[in-house]
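One-letter residues, chain by chain:
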Amino acid sequence: QVHLVESGGGLVQPGGSLRLSCATSGINFPMYIMDWYRQAPGKQRELVARITSTDVTDYAASVRGRFTISRDNAKNTVYLEMNSLKLDDTAVYYCNANHYLRGEHWGQGTQVTVSS
């Protein structure tokens, strides 16, 4: 059975930092593309950051230079380091594991609230 469990969300002031983690089990983690998505109230879910199986990364324009995605294949975990947080970064953040043959899996999400 596949599990993706996000953690690390919370309440932070503008300009602050958070580090999200997504621990996975039940998949051959190194073979998967790992994504972080977010969904703010009343908005569509959007792709925030991606890391491929060969550690190629990509970011949404709105977070580039502030967020960093990384993975630890030994721990089957992907991370999202978020710095210089803004009010607009408030959302539920979801982890996604995607393989072109094996399909995709989602975590349950973790709330990030940026507020003064």
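Whatever comes next refers back to the structure up there.
Residues numbered from 1 in each chain as written. Predicted model: local features only at pLDDT ≥ 70, side-chain atom pairs only at ≥ 80, totals over all residues. Heavy atoms only, no water.

A. Summary view of the nonpolar core. Core analysis: the largest hydrophobic core is formed by 29 residues, its most contacted members being W36, V78, L80, M82 and Y93. Elements represented by at least two residues in this core include exactly β3 (18–25), β4 (33–39), β5 (46–51), β7 (67–72), β8 (77–82), β9 (91–99) and β11 (110–114). Among the elements that make up this core, the one with the highest residue count is β9 (four residues). (Core = buried A, V, L, I, M, F, W, Y, C linked by side-chain atoms within 4.5 Å. Buried < 20%, exposed > 50% of the residue type's maximum accessible area, 1.4 Å probe, protein only. Helix = DSSP H or I, 4+ residues; strand = E, 2+ residues; numbered from the N terminus.)

B. Region of the structure containing the layout of surface pockets. Taken as a whole, the largest pocket holds about 170 Å³ of empty space. Lining the largest pocket are 13 residues, and of these R38, A40, K43, E46 and D88 lie nearest its centre. Looking at the lining of the largest pocket residue by residue, the classes come out as two nonpolar, four polar and seven charged. (1 Å grid on protein atoms, 1.4 Å probe; cavity = no way out; pocket = protein on both sides within 12 Å on 5 of 7 lines; lining within 4 Å. Points joined across faces, edges and corners; volume = space filled by probe spheres on them. Nonpolar A, V, L, I, M, F, W, Y, C, P; charged D, E, K, R; others polar.)

C. Molecular detail of the pattern of salt bridges. Counted by the stated rule, this structure contains six salt bridges. In this structure, R19 and E81 form a salt bridge, with 3.9 Å as the shortest nitrogen-oxygen distance. Here R19 is found in strand β3, whereas its partner E81 is found in strand β8, with 62 residues between them in sequence. Since its relative accessible area comes to 45%, R19 is described here as partly exposed. Among the ionic pairs, D58 bridges to R64, the shortest N-O distance being 3.7 Å. Using a relative accessible area of 46% as the deciding quantity, one classes D58 as partly exposed. Looking at R64, the relative accessible area reads 48%, which means it is partly exposed. (Salt bridge = Lys/Arg side-chain N within 4 Å of Asp/Glu carboxyl O.)

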